[in-house]
Amino acid sequence: MALRLSPYQTIPPPGRQSDLLEVPISALQPTQLCVGLAEVHSRQRDFALEPAEQRRQYLRRKPVPLVRNAAGDLWMLDRHHRLRALIELDGDGLVFAYIAHNLKESDRLACLRLLDQRGWLYLYDGRGQGPLLADVLPRSLTDLQDDPYRSLVWKLKQESRIQPQPHIPYHEFRWGAWLRSRCLPPFSSARLEPALPAARALTRSAAASHLPGWKGESQG
């Protein structure tokens, strides 16, 4: 299965710390349809153990890139898993962010089409079906679907079996789409273990060598 994603533009990095905004997580609209709930729940456990000030400093070091339109609407271009975890812990929580791009338009669908042209939307659902129309994107992080293959890729990255590629939008979903095209035992985001042995072997196979982040056949 190959994702039919638009050629992408790199998301601009943050500028000076003084340029950061502090915005409510609930005000941010997602640019993808799904997340891997295994990663969301892992981040929730970590956040729950952190003192409030330690969490705040962590969020300042990891600001969220945003797109803002002429009406003041905000879309997040990254950090969906982190903020989905946070909003479920604190619905009124704030996060540090920066404006990566401004749009002159105010119409929501026109803005989403422009984001799609930049390769900044992921329009596949939790079953890998798509691309769907941009108007199906939810307005809230809490409405994102679960994609167990995205959870599986998160676990493989945790085990250092896939090299991170932070400048490639939806890198993990590309790996997930490829794994979805292979033969894996039934699994879920809550129970990844049945698929892990086969998935580990697939990530180091020559068949995966075309995917950015492939680490080679000799990895353990």
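In short, a report on the structure. (Residues numbered from 1 in each chain as written. Predicted model: local features only at pLDDT ≥ 70, side-chain atom pairs only at ≥ 80, totals over all residues. Heavy atoms only, no water.)

1. Quick look at the overall build of the protein
Move 1: Regarding its fold elements, the protein presents 7 helices and 7 strands.
Move 2: From first element to last, N terminus to C terminus, the protein shows the α and β order β-β-β-α-α-β-β-α-β-α-β-α-α-α.
Move 3: For 220 residues, the compact-globule estimate of 2.2 N^0.38 gives 17 Å, and the protein sits close to it at 17 Å.
Move 4: For the protein, the spread of C-alpha atoms along the principal axes amounts to about 50 × 40 × 30 Å.
Move 5: Across the 220 residues that make up the protein, the buried fraction comes to 48%. (Helix = DSSP H or I, 4+ residues; strand = E, 2+ residues; numbered from the N terminus. Rg over C-alpha atoms; globule rule 2.2 N^0.38 Å. Buried < 20%, exposed > 50% of the residue type's maximum accessible area, 1.4 Å probe, protein only.)

2. Overview of the layout of surface pockets
Move 1: One number sums up the size of the largest pocket: a volume of about 1,100 Å³.
Move 2: Taken together, 39 residues form the lining of the largest pocket, with Asp 78, Arg 79, Lys 157, Pro 166 and Glu 172 sitting closest to its centre.
Move 3: Taken together, the elements giving at least two residues each to the lining of the largest pocket come down to helix 1 (37-49), helix 2 (52-61), helix 3 (80-89), helix 5 (148-158) and helix 6 (171-180).
Move 4: Element by element, the count of residues in the lining of the largest pocket is highest for helix 5, at 4 residues.
Move 5: Here the residues of the lining of the largest pocket sort into 18 nonpolar, 11 polar and 10 charged.
Move 6: Taken as a whole, the second largest pocket holds about 200 Å³ of empty space.
Move 7: Taken together, Glu 22, Ile 25, Ala 52, Arg 55, Arg 56, Leu 59, Leu 86, Asp 90, Gly 93, Leu 94, Val 95 and Phe 96 make up the lining of the second largest pocket.
Move 8: For the lining of the second largest pocket, the elements supplying multiple residues, two or more each, are helix 2 and strand 6 (94-102).
Move 9: Among the elements that take part in the lining of the second largest pocket, helix 2 stands out by supplying 4 residues, more than any other.
Move 10: Class assignment for the residues of the lining of the second largest pocket results in 7 nonpolar, 1 polar and 4 charged. (1 Å grid on protein atoms, 1.4 Å probe; cavity = no way out; pocket = protein on both sides within 12 Å on 5 of 7 lines; lining within 4 Å. Points joined across faces, edges and corners; volume = space filled by probe spheres on them. Nonpolar A, V, L, I, M, F, W, Y, C, P; charged D, E, K, R; others polar.)

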